[in-house]
Amino acid sequence: QVQLIESGGGLVQAGGSLRLSCAASERTTSRHSVAWFRQAPGKKRAFIAALRLSGGTVYNTDSIKSRFTISRDAAKNTVFLQMNTLEPEDTAVYYCATGTPTLSNPHNPQAYNYWGQGTQVTVAS
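Rules used throughout
Think of each chain on its own: its residues are numbered from 1, step by step along the sequence as written. The predicted nature of this model means local features are confined to residues of pLDDT at least 70 and side-chain atom pairs, given and counted, to a pLDDT of 80 or more, with totals for whole chains, interfaces and linings taken over all residues. Note that the side-chain values use all heavy atoms of the structure and ignore hydrogens as well as water. What counts as a disulfide here is a pair of cysteine sulfur atoms lying within 2.5 Å. Strands here are runs of E lasting at least two residues and helices are runs of H or I lasting at least four, both read from the DSSP assignment and numbered beginning at the N terminus. In this scheme, a residue with accessible area under 20% of its type's maximum is buried, one over 50% is exposed, and one in between is partly exposed, where area comes from a 1.4 Å probe on protein chains only. In this analysis, rings of Phe, Tyr and Trp, with Trp reduced to its six-membered ring, are considered paired at centre separations within 6.5 Å, and the interplanar angle assigns stacked below 30 degrees, edge-to-face beyond 60, and tilted for intermediate values. Each ring is checked for a lysine NZ or an arginine CZ that lies within 6 Å of its centre and within 35 degrees of its normal; such an atom marks a charge sitting over the ring. By definition, residues are in contact when any of their heavy atoms lie within 4.5 Å.

### Looking at the state of the cysteines
Logical step 1: Under the defined criterion, the tally for this structure stands at one disulfide.
Logical step 2: Two residues share a disulfide in this structure: C22 and C96, whose sulfurs sit 2.1 Å from each other. Negative torsions about the S-S bond denote left-handed disulfides, and the value of about 70° found for C22 with C96 makes this one right-handed. With C22 in strand β3 (residues 18-24) and C96 in strand β9 (residues 92-99), this pair connects stretches of sequence that are 74 residues apart.
Logical step 3: Among the residues examined, C22 registers a relative accessible area of 2% and is labelled buried.
Logical step 4: For C96, a relative accessible area of 0% translates into the label buried.

This is the structure we're talking about:
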């Protein structure tokens, strides 16, 4: 069973940056993707971005893509989410997850089998 551990969250001023890390306890197959989701208070869990271990990335919106970057260090079984120009609306608990979503629908949280415990990101205005 894969365990995912997120880190890197915290409190930052609007316009600042954070880099989240998601360390996996073991390698997964090239069929897998690693994704980042976030959940703000009172809202549903929302897809941010995914990285296919076979290659390629996908982002939820152009706004996310212009400010956030998903990447990986394969040697360390770690996926990162670099977040720049943070806004108060980015405040949420951020989760990483791994699974085998379809290419056409990486946004579906039910396609991801394993989840981390979440890390809080708070952006102050």
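### Concerning the packing of aromatic side chains
Logical step 1: One pass over the full model with this rule turns up five aromatic pairs.
Logical step 2: Cluster of aromatic residues (ring-pair linked, three or more members): F37, F47, Y95, Y112 and W115.
Logical step 3: Residue placement shows R45 over the ring face of Y95; its charged tip is 3.9 Å from the ring centre.
Logical step 4: The ring of W115 carries R45 above its face, with NZ or CZ at 4.7 Å from the centroid.

### Thoughts on the side chain of S21
Logical step 1: Among the secondary structure elements, S21 is positioned in strand β3.
Logical step 2: Those residues in contact with S21 that lie beyond four places of it in its chain are I5, E6, S7, W36, T78, V79 and F80.

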